[in-house]
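# Structure assessment
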Amino acid sequence: MPMSNNTLLLSPLHTGILTFIISLIFTLSLAWYLETDYVDDLETQALTDATNYTYQLESSIIHEASIAYTLATLVNLDNRAINHFDEVVGTILPSYPYITDILIVSDGIVRQFYSTSDEANLQNKIRSIPPGYGYISKRLTITGPFPFKNNKLKLAARLPVFIGDSADAERTHWGYVEVGISLTDILEAQPLESITASKYHYELWRQGNGQDEAQLIYASSTAALNNALEYPVRLSMDEWRLGLVPVDGWHDWSLTTLHLTVAILVSSLLAYLAASLHVLRRQDVSLQAKLAEGNAQIDMTQMQLEATFDAIPDPLWLKDINGLYINCNHRFEELYGDEKSNIIGRTDYDYVSQETADAFRHHDLNAIEAGVTLTNQEWLTFAEDGYRGLFETVKTPLRDHDGNIVGVIGIARDISEHYKHLEKMQESEMRLQITLESTKIGIWEWDVAEDVWFASPTYHTILGYPPVQGVGDREKELAKVHPDDREMIKGKIGSILDRSETNYYYEARLRHADGHYRWVGVRGKAVEFDESGKPNRIVGVRMDIDERRKAEEQINWLAHNDALTGLPNRISLKKQLTAALNAAKDTGVQLAVLFIDLDNFKNINDALGHSVGDALLQMLAQRMQEALEEDAIVSRQGGDEFIAVLPHTDTEQAKIRAKALIDLFSKPCAIEHYELIVTPSIGISLFPDDGDDHDTLLKCSDLAMYSAKNEGRNNFQFYSQHLQANIERTTAIEAALRRAIEQNELRLVYQPQVELRSNHITGVEALLRWQHPTLGHISPVEFIPIAEDSGQIIAIGEWVLRTAAKQMKQWLDKGMLLSVIAVNLSALQFRHPNLLFQITKILDEEGLPPHYLELELTERVAMYKPEEAIAIMQTLNKKGIRLSIDDFGTGYSSLSYLKRFPISKLKIDRSFVSHVQEDSDDRAIISTIIDLANNLGLMTIAEGVENEQQLEFLRMQGCNEVQGYFFSPPTTAEEIERMTSWSADV
C-alpha cells in the first residue's frame with residue numbers, strides 16, 4: 001500500500017504492530033460472522049429434514065384413517081348395515097396396510113368387527129359399549145398412541161356416522177367407525193433412523209389431552225436433547241412434536257478454531273508486509289536521487305540520436321515489443337501527419353485502419369520472432385500530402401545490452417514506380433489464366449511428330465491435380481480414363497490420326513484426385529499436317545461437365561422415380577406394368593395388381609410432423625421391396641398409396657401375398673423416439689379376369705381398396721362387379737346430393753315426443769328425408785354417410801337447422817304448446833369452427849328463442865376429444881341451447897366426463913327398447929340408464945316404442961318421455977298440428 005511521508009516518521013516495528021491490531025479486529029469480526037452463518041444453515045437444513053419427515057408421517061397416518069370415511073359411506077348407502085362386511089373389508093384392506101382392527105358401533109353396540117390379529121381372542125374382549133361413549137365431534141379424530149401387542153404402539157381413529165341425505169343439515173347421529181392403526185409399523189415404514197442417517201439425534205413425543213408431562217414415543221438415545229429444534233406433527237386431537245439436534249452439536253469448534261488461527265496468521269502476514277513496505281519506501285527515496293542524475297545523461301544522448309534520425313530522407317521509426325512507438329524521424333511525422341510527441345506512446349491502430357495495422361503488427365512480430373532483419377512490401381499513404389505508394393520496408397530487431405529483443409527498428413523506401421512496371425507485365429498473364437480457371441477449361445497441345453504433349457495448369461486443376469510444368473505425360477493422362485471409356489477415346493483420337501476426321505469431341509469419365517470419376521468433355525482439332533496429309537499438331541480443350549451430366553441423370557431419375565422412397569413413380573409404373581402385361585399375355589399366366597393404402601396415415605403427419613411421416617413411408621417401402629419376390633414391381637403413387645404388381649400370381653397366391661403384407665405392416669416401425677404401427681387397406685385386381693391394360697387394372701384395384709376401407713380397414717378385398725355397382729351408386733348419390741337443396745328435394749318430417757306423466761306431446765324430433773326424381777326415395781342411412789365423407793353435411797345440416805327453427809317458430813306463433821324441437825348434429829357439424837355463429841344467426845333470423853332448440857349428439861361424437869367437446873357444449877349451453885346424448889348405451893361413455901357434459905337428457909337407443917319384453921339384459925340396461933340419469937339430474941327419453949308393453953315397462957321404470965310408432969311415425973308438420981291440437985292429450 002502507498003505510504004505518505006508522515007508514515008515514514010514511524011519505525012517499521014510500530015507500523016507492523018498497528019497493522020496487526022487493525023487486521024486482527026477485522027478478521028475476528030469475519031470469523032464471528034461465518035460461525036453465525038454456519039449455525040443458521042444447520043438450523044435451516046434441520047427444519048427442512050423435519051418438515052419432509054413429518055409430512056410423510058402425517059400423510060401415512062391420515063391415509064390409513066381415511067378408510068373410516070369409506071366405511072361410514074357404506075353404512076349410509078347400505079341402510080345402516082354393511083352387507084358382507086368381512087368381504088368388503090377384505091377387498092379394500094390391501095390399500096391400508098397398517099390397519100390393525102375395525103369396529104362399527106351403534107347405540108353402544110359393536111355392530112361389525114374386523115381384526116388382523118387372532119379374531120377368536122379379540123372377540124372375547126368385545127363388550128357392549130355405552131351409547132354415549134365418545135364425543136360426537138362430527139369429524140374424524142385420531143388419539144393415541146396406546147400399547148399394543150408385541151410391544152407395539154397403535155393409534156385410534158374414530159369417525160361419527162350420520163344417517164340421511166347429505167343435503168340435509170339435520171342428519172341423525174347413528175354411531176361411529178373406529179379404526180386401529182399400527183403406529184409402530186408406520187414408523188418402521190417411515191423410519192426415524194433416516195433422520196439419524198442425516199446426522200441428527202431425535203425425539204418424537206406427544207403433548208395433549210391435558211397431560212402435564214410429554215409422552216415420549218421414539219428417541220435416538222436415552223439422553224435428553226439440549227437446544228433441540230422442535231417441529232409439530234399435526235394430527236386430529238393431539239399435538240406431537242419432533243425434536244432434532246445435530247450429532248456434532250450446533251457449533252463446529254474445529255472450524256471455529258481454524259477461523260481464529262487464520263485470523264491471527266493473516267494479521268501477522270499483513271503486519272510483516274507493512275513493515276517491509278516501510279523499509280522499501282525509505283530505499284526508494286535514495287534511488288530517486290541517483291535516477292535524476294542518470295536521466296540528465298540520457299537526455300543528452302537522446303538529442304544526438306534524434307538529430308541523426310531527422311537527417312535520413314526515408315521514414316524511420318522505433319517500436320517496443322508491444323508495438324508502441326518510442327521514436328521516429330521527421331519524414332515519419334509526415335507519413336502519419338502528426339508530431340513526434342503525439343506519436344510516441346501510440347500504436348498503428350491509432351492512425352490507420354485495423355486491417356492495415358494488423359498487417360504492420362504481423363510484419364513486426366515476424367522480425368522479432370525470427371531475430372533477424374526481414375524485408376517486406378507495404379502500401380503507405382502520407383497523411384500530410386495524401387501521397388500513396390508501395391514501400392519496401394526493412395525491419396530489424398532492437399536489442400538491449402544483454403542481447404534481448406526489446407523492440408524493432410524500421411525504415412521504408414519508396415518502390416512504387418518499379419512495382420507499376422512489374423504489375424503491367426503480370427496483369428496480361430493473369431487475365432488469361434483467370435478466364436480459363438473461371439470456366440473450368442484446360443488447353444492442351446500435342447506435337448504428334450515428336451510425340452510431345454503440353455497442357456495449361458487448369459487442364460490439371462479441374463480434376464484436382466497440381467499443374468505440370470513443361471512436357472506432360474500423355475500416357476499417364478490416358479490412364480486416368482474410366483476403363484469403360486478408354487476404347488471410345490482411342491477411337492476418337494485414331495479418327496484424326498488416320499485422317500478420317502479433322503476434329504473430334506467426346507464425353508468421358510476421368511478419375512479425380514480424390515479417387516472419384518468426373519465427367520469431362522474433350523474437343524480436339526488438327527491444325528498442322530505433313531506433306532502426306534497426316535496431322536503434325538493437334539490442339540484442343542478439356543471442360544468439366546460433371547455437374548451438367550449429373551443434373552441430366554438426376555432429372556431423368558426423378559422423371560421415373562419417387563423422390564422420397566426411390567420407388568418407380570406413376571410414369572415408370574405404367575411402362576413396367578405394360579411390359580409385364582405383354583409378357584403375361586405371351587406366356588398365358590395370371591398377374592395381380594395390389595392397390596395399398598395406409599389407414600389414417602394423415603393422423604401421423606398431423607400429430608408427429610411430415611418428417612416422421614416421410615421416414616415411415618421410406619421404411620415401409622423398403623420392407624415391401626424386401627418382402628415381395630424379386631420380379632415384383634413396387635411403386636409409390638403419391639401420398640400414402642402404393643401399387644404392387646405381382647407377375648405369375650393367381651387368386652390364391654394373391655391372398656397369400658396380401659396376408660403377408662398385412663402381417664408385415666403390423667410390425668412396429670421405430671422412427672426417432674416413436675414406435676409406429678400403421679395398417680393397410682389392400683385392393684386386388686387380376687389379369688386377365690378384371691382387365692388387360694394398365695388403367696383398367698389400377699381402377700379395379702382402387703375400387704377394391706375402398707371396399708377394404710368400408711369393411712373396417714386392415715384387410716384386403718378382391719375386385720368384383722358388385723363393387724363397381726356400389727361405387728357407381730355412391731358416385732351418383734354424391735353428385736345428386738350436391739343439387740338436392742337448390743332443387744327442393746330435401747324435406748323434414750317430425751316425430752312427436754310424449755311426456756309419460758301428462759301424456760302430452762311436449763316436443764318433436766326433426767328427421768331428414770330425400771326424394772330424388774330418378775333415384776327415388778333414398779334412406780338417410782345411405783346418403784348421410786356419403787354427405788359426411790364428401791363434406792356436404794355442413795350445408796345440409798345448416799338447411800336442416802334453419803328449416804326446423806322456422807317450423808318451430810310457426811308452431812309457437814300459432815299457439816302450440818311445444819317445448820322443444822330436437823335436431824341431430826353430425827360429427828363434422830359439431831367440430832365446425834363456425835357452429836355457434838351459424839346456429840346463433842339462424843335463431844336470430846328466424847326469431848326462435850334458443851331454449852326451444854335441442855341438439856342431439858351421439859356418444860361417439862361427444863367422447864371424441866372429450867375436453868374439446870365439453871368446451872363446445874358449454875359454449876352452446878351458455879347461449880340457452882339444450883343438449884342431449886342420442887343412442888345412449890350403444891357407444892362408450894366415461895362417467896367422469898358424462899357428469900361434466902352440460903346436457904339435459906339421455907336418449908335410450910331403440911335397440912334396447914325393441915327387445916325389452918323378452919330380453920332381461922335389455923330391461924336391466926334400460927333401468928340402469930334411467931337410474932343413472934335420475935342420479936345425475938337428467939331426463940330420459942326412449943325411442944322406438946312400438947307397443948303398449950314397451951310403454952308400460954318404461955312408465956314403470958320412471959322414464960320421462962317416449963317416441964315411436966306406437967304414437968306416430970315421422971310425419972308432416974300439418975299432421976303434427978292436427979295431433980297436437982294445441983296441447984290436447986294424446
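Cut-offs applied
Residues numbered from 1 in each chain as written. Predicted model: local features only at pLDDT ≥ 70, side-chain atom pairs only at ≥ 80, totals over all residues. Heavy atoms only, no water. UniProt positions renumbered as here; feature names shortened; annotations may be inferred. Helix = DSSP H or I, 4+ residues; strand = E, 2+ residues; numbered from the N terminus. Salt bridge = Lys/Arg side-chain N within 4 Å of Asp/Glu carboxyl O. Buried < 20%, exposed > 50% of the residue type's maximum accessible area, 1.4 Å probe, protein only. Domains from an automatic or database assignment. Arc of directions from axis to C-beta. Contact = heavy atoms within 4.5 Å. Patch = residues over 30% accessible without salt bridge, like charges linked within 9 Å, V, L, I, M, F, W, Y side chains within 5 Å. Areas by Shrake-Rupley, 256 points an atom, 1.4 Å probe, with all protein chains shown as cover. Lys, Arg positive; Asp, Glu negative; His and termini not counted. Charge placed at Lys NZ, Arg CZ, Asp CG, Glu CD. Pairing = 2+ DSSP bridges. Axes fitted to C-alpha atoms, helices over the stretch in contact; angles between N-to-C directions.

Looking at an unreviewed UniProt entry, one finds the chain named cyclic-guanylate-specific phosphodiesterase, with Methylophaga aminisulfidivorans MP as its source organism. Its UniProt record gives the chain a comment under Catalytic activity (unreviewed entry), which states: "3',3'-c-di-GMP + H2O = 5'-phosphoguanylyl(3'->5')guanosine + H(+)". UniProt's Cofactor (unreviewed entry) comment on the chain is quoted here verbatim: "Mg(2+)".

## Some words on the UniProt feature "transmembrane region" (unreviewed entry) in the chain
As annotated in UniProt, the feature "transmembrane region" (unreviewed entry) corresponds to residues 12-34 and 260-280 in the numbering used here. Taken end to end, residues 12-34 is 100% helix and 0% strand, and its two terminal C-alpha atoms sit 33 Å from one another. In residues 260-280, helix accounts for 100% and strand for 0%; the two terminal C-alpha atoms are 30 Å from one another.

## Observations regarding the pattern of salt bridges
Counted by the stated rule, this structure contains 44 salt bridges. Close ionic contact of Arg 331 with Glu 334 constitutes a salt bridge, the shortest N to O distance being 2.5 Å. With Arg 331 and Glu 334 both in helix α8 (residues 330-336) and three residues apart, this pair spans about one turn of that helix. A salt bridge links Glu 943 to Arg 910, with the nearest nitrogen and oxygen atoms 3.9 Å apart. Of this pair, Glu 943 sits in strand β34 (residues 939-943) while Arg 910 sits in helix α29 (residues 910-913), and the two are 33 residues apart along the sequence. Of the residues examined, Arg 910 reaches a relative accessible area of 40% and is grouped as partly exposed. Members of the salt-bridge network, linked through shared partners, are Lys 319, Asp 348, Asp 364, Glu 378 and Lys 395.

## Some points on the domain arrangement of the chain
Domain annotation for the chain reports domain 1 (33-246), domain 2 (312-414), domain 3 (435-552), domain 4 (563-719) and domain 5 (732-976). The gap between the C-alpha centroids of domain 4 and domain 5 is 42 Å.

## Some points on helix α2 (residues 67-77)
Taken residue by residue, α2 has Ile 67, Ala 68, Leu 71, Ala 72 and Val 75 as its buried positions. Along the axis of α2, the buried residues cluster in a sector spanning 135 degrees; they form a single face. Those residues of α2 that are buried are in contact with α1 (12-65), α3 (85-92), β1 (99-106), β4 (152-163) and β5 (172-182).

## Some details on a negative patch on the surface
Judged by side-chain charge, Asp 37, Asp 40, Asp 41 and Glu 43 come together as a negatively charged surface patch. Within the secondary structure layout, Asp 40 lies in helix α1. For Asp 40, a relative accessible area of 37% gives the class partly exposed.

## Some details on the sheet that holds strand β22 (residues 641-647)
Here we have five strands laid out as an open sheet, ordered β21-β22-β20-β25-β26, and mixed in their pairing. Bordering the open sheet on either side are β21 (633-638) and β26 (716-718), each of which pairs with just one other strand. Averaged over all pairs of adjacent strands, the angle between strand axes in this sheet comes to 20 degrees, irrespective of strand direction. Strand direction decides the pairing type here: strand β20 (residues 591-598) and β22, joined by seven bridges, are antiparallel. Paired with Leu 591 across the two strands is Pro 647, which belongs to β22. Docked against the sheet, helix α19 (residues 651-665) engages β20, β22, β25 (680-687) and β26, running at close to 160 degrees with respect to β25.

## What about the sheet that holds β5?
Within the open sheet, the five strands sit side by side as β2-β1-β5-β4-β3. Their pairing is antiparallel. Two strands bound the open sheet, and with one partner strand each, they are β2 (109-115) and β3 (141-148). Strand after strand, the sheet turns through a mean of 20 degrees between neighbouring axes, direction not considered. Two strands pair when backbone bridges link them, and β1 and β5 are joined in this way by seven bridges, in the antiparallel orientation. If you follow Val 105 over to β5, its bridge partner there is Tyr 176. Sheet strands in contact with α1 are β1, β3, β4 and β5, and its direction is about 135 degrees off that of β5. Strands β1, β4 and β5 of the sheet are contacted by α2, whose axis makes an angle of about 30 degrees with β4.

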